[in-house]
Amino acid sequence: MSGNPDDERLEELRKQKMEELQDQQQQEEAQQQAQQQANAQKQALLRQYLTDGARKRLNSVRMSKPQFAEQVEQQILAIAQSGRINGKIDDAKMKELLRELKPDKTSFNIKRR
């Protein structure tokens, strides 16, 4: 280098920016890893409290309504953590739970004149 102060400053800024990007990438990776770990724990708990039939039904719901399935999972985990589950949730109990949590349908009557 020619020893120009502008070149040195530019090089310093490049190094600083590179360090910031590396820190940001490490934070994102840590966050993603934590999210994967939380998801694995949630799946393990669901396997513990749901029978195969109930899990299949929940997966079917997830295919058509992923947000509703997430809500049902959260409800199941809350019930399990409060100790209100005796044994495992089978397909019949899952149907009942889905019916209870299903949002009410709104109907529209269109009248033509």
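Residues numbered from 1 in each chain as written. Predicted model: local features only at pLDDT ≥ 70, side-chain atom pairs only at ≥ 80, totals over all residues. Heavy atoms only, no water.

### A few points about the overall build of the protein
As a reminder, the rule being used: Counting from the N terminus, the helices are the DSSP runs of H or I reaching at least four residues and the strands are the DSSP runs of E reaching at least two. Throughout, the radius of gyration refers to the C-alpha atoms, and the reference size of a globule is 2.2 Å times the residue count to the power 0.38. Only protein chains enter the area calculation, which uses a 1.4 Å probe; residues under 20% of their type maximum are buried, those over 50% are exposed, and those in between are partly exposed. Two residues qualify as a contact provided that any one of their heavy atoms is within 4.5 Å of a heavy atom in the partner residue. Computed with a 1.4 Å probe, the accessible areas rest on the Shrake-Rupley method; for each residue, only the protein chains presented here act as cover. In this tally, Lys and Arg are treated as positive and Asp and Glu as negative; His is ignored, and so are the chain termini. Lysine's charge is taken at NZ, arginine's at CZ, aspartate's at CG and glutamate's at CD.
A count of helices and strands for the protein gives four helices and zero strands. The N-to-C order of helical and strand elements in the protein reads α-α-α-α. The globule rule puts the C-alpha radius of gyration for 113 residues at 13 Å, and the 26 Å found for the protein is more than 25% above it. Across its three principal directions, the C-alpha atoms of the protein cover 80 × 55 × 25 Å. Here the protein holds 113 residues, and the buried ones make up 19% of them. When contacts within the protein are restricted to residue pairs at least 6 apart in sequence, those whose partners lie at least 24 apart make up 68%. About 9,700 Å² of surface is accessible on the protein, with carbon and sulfur atoms providing 46% of the total. Averaging the coordinates of the 21 positive side-chain charges in the protein and doing the same for the 18 negative ones gives two points 20 Å apart.

### Focus: helix 4 (residues 91–101)
Operational definition: Of all possible arcs, the one meant is that of the directions from the helix axis to the C-beta atoms.
The complete set of buried residues in helix 4 reads Met94, Leu97, Leu98 and Leu101. Projected onto a plane normal to the axis of helix 4, the buried residues spread over an arc of 100° and lie on a single side. Relative to its buried face, helix 4 has exposed residues pointing more than 90 degrees away, namely Ala92, Arg99 and Glu100. Elements that come into contact with the buried residues of helix 4 comprise helix 2 (52–64) and helix 3 (66–81).

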